[in-house]
Amino acid sequence: MSKQMIALAGASLLLFSVAACGHDAAPGAGTATEATLIGKTFLSNAVTENGKPKQLAPGTRVRLQFTDDGKLVADAGCNSMQAKVSTNDSKLTLDKQITQTLMGCLGQLQSQDGWLSGVLRATPSWKLDGSKLDLTAGSTTISLTDKKVVEPDLSIDGTKWALSSVITGQAASHTAGSEKAWLTLSGERVTGSTGCNDFQGTVARSTGKLTFGELATTRRACAGEPAKLESQLLKGLKGDVTYQVDGSTLKLRSSSGDGLDFTAQR
């Protein structure tokens, strides 16, 4: 889950119930119209309330992901919520059980989380026209576009991927200056920097998987946070990992679920 499900170190999950109406949809089931949303992610381009434009917090947008197993994952720039969803009768109906991250969001971000939650819990109507999705609840309409149109997936090869988060269990940590750590893949070669030392090595690949060989690094002495970050990065680039490119994000995961998230540098 992608930006994008963001969690800080120590973030926890809150499970709560909401009143739901309509019919729940089992994963893989549903009508032909329902299937048009499954497996797609949409990003907002405009919001109106009472016929007037609503400005979201700077640098944020609404993100709605309809997963293959029948869930809706949604965020508006801070916390992320998810639940099973039915899209029957052109309505979004969330299941009674909703999972939401609990990060400390300040000011407009906090109120924006509550606003989006209210819209989604109001059983909004939806209309899909090609790559355009409109979601309406009362006087509020969120206009969105298929993410593949807005942010097509970048090539894993030749892109400079800057480290954005270190994933440990359910937590994602971000260290100041971590973007100085990066990697670039080119065929069977990987080069990059830990933020302190440069590295290079070999990488084999198969469908959805990378296998890193032993990485050679320079010998500059690192201390404190740079040393910790270097250790985490090199641990994440060891042996077999799965990979996923989602727009401008690269996600690497070990068999334990730990891993690294990178963002493309433009």
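All residue numbers refer to position in the chain's written sequence, counted from 1. Whole-chain, interface and lining totals are the exception, using all residues; otherwise, since this is a predicted model, local features are given only for residues with pLDDT of at least 70 and side-chain atom pairs are given and counted only at 80 or more. The basis for every side-chain value is the complete set of non-hydrogen atoms in the structure, without hydrogens or water.

Caption draft 1: Structural view of the nonpolar core. Working definition of a nonpolar core: buried Ala, Val, Leu, Ile, Met, Phe, Trp, Tyr and Cys residues. They are joined through side-chain atoms within 4.5 Å. For the exposure calls, accessible area comes from a 1.4 Å probe over protein chains only, and a residue counts as buried if that area is under 20% of its type's maximum, exposed if over 50%, partly exposed in between. Counting residues in hydrophobic clusters, the biggest one holds 26 residues, and the most contacted among them are Val62, Leu64, Phe66, Leu120 and Ile142. Where this core is concerned, the elements lending two or more residues are β2 (41-49), β4 (63-66), β5 (71-75), β6 (80-86), α2 (107-121), β10 (132-137) and β11 (140-146). Secondary structure counts use DSSP, requiring at least four H or I residues in a row for a helix and at least two E residues in a row for a strand, with both numbered from the N terminus. Among the elements that line this core, the one with the most residues is α2, at 4 residues. Contact criterion: two residues are considered in contact whenever any of their non-hydrogen atoms come within 4.5 Å of each other. Excluding its chain neighbours within four sequence positions, the residues that come into contact with Val62 are Phe42, Leu43, Ser44, Leu56, Asp75, Ala76, Trp115, Leu116, Ile142 and Leu144. Judged by nonpolar contacts, the second largest core, of 23 residues, contains Leu163, Phe199, Leu210 and Leu260.

Caption draft 2: Up close: the packing of aromatic side chains. Stacked, edge-to-face and tilted are the three classes for Phe, Tyr and Trp ring pairs, Trp counted by its six-membered ring, which pair at centre distances within 6.5 Å; planes under 30 degrees apart are stacked, over 60 edge-to-face, the rest tilted. Applying the stated criterion across every chain yields a total of 1 aromatic pair. For the pair Phe42 and Phe66, a centre-to-centre distance of 6.2 Å together with 80° between the ring planes defines the contact as edge-to-face. Taken as a pair, Phe42 in strand β2 and Phe66 in strand β4 lie far apart in primary sequence, 24 residues in all. A relative accessible area of 4% places Phe66 in the buried class. One cation-aromatic arrangement involves Lys54 over Trp115; the distance from NZ or CZ to the ring centre is 5.1 Å. The criterion is that NZ of a Lys, or CZ of an Arg, lies within 6 Å of the ring centre and within 35 degrees of the ring normal, and then a charge sits over that ring. The positively charged end of Lys160 is found above the aromatic ring belonging to Trp182, 4.6 Å away from the centroid.

Caption draft 3: Structural detail: helix α4 (residues 224-236). Expected helix span is taken as 1.5 Å per residue step, with the number of steps being one fewer than the number of residues. When the terminal C-alpha atoms of α4 are compared, their 19 Å separation across 13 residues agrees well with the 18 Å that a helix rising 1.5 Å per residue should span. Residues Leu229, Glu230, Leu233 and Gly236 constitute the buried set of α4. Along α4, the residues classed as buried sweep out an arc of 130° about the axis, all on the same side. Opposite the buried face of α4, at more than 90 degrees from it, the exposed residues are Gly224 and Lys235. Contacts made by the buried residues of α4 are with β12 (160-168), β15 (189-193), β16 (198-206), β19 (239-246) and β21 (259-264). The arc in question is formed by the directions pointing from the helix axis toward the C-beta atoms.

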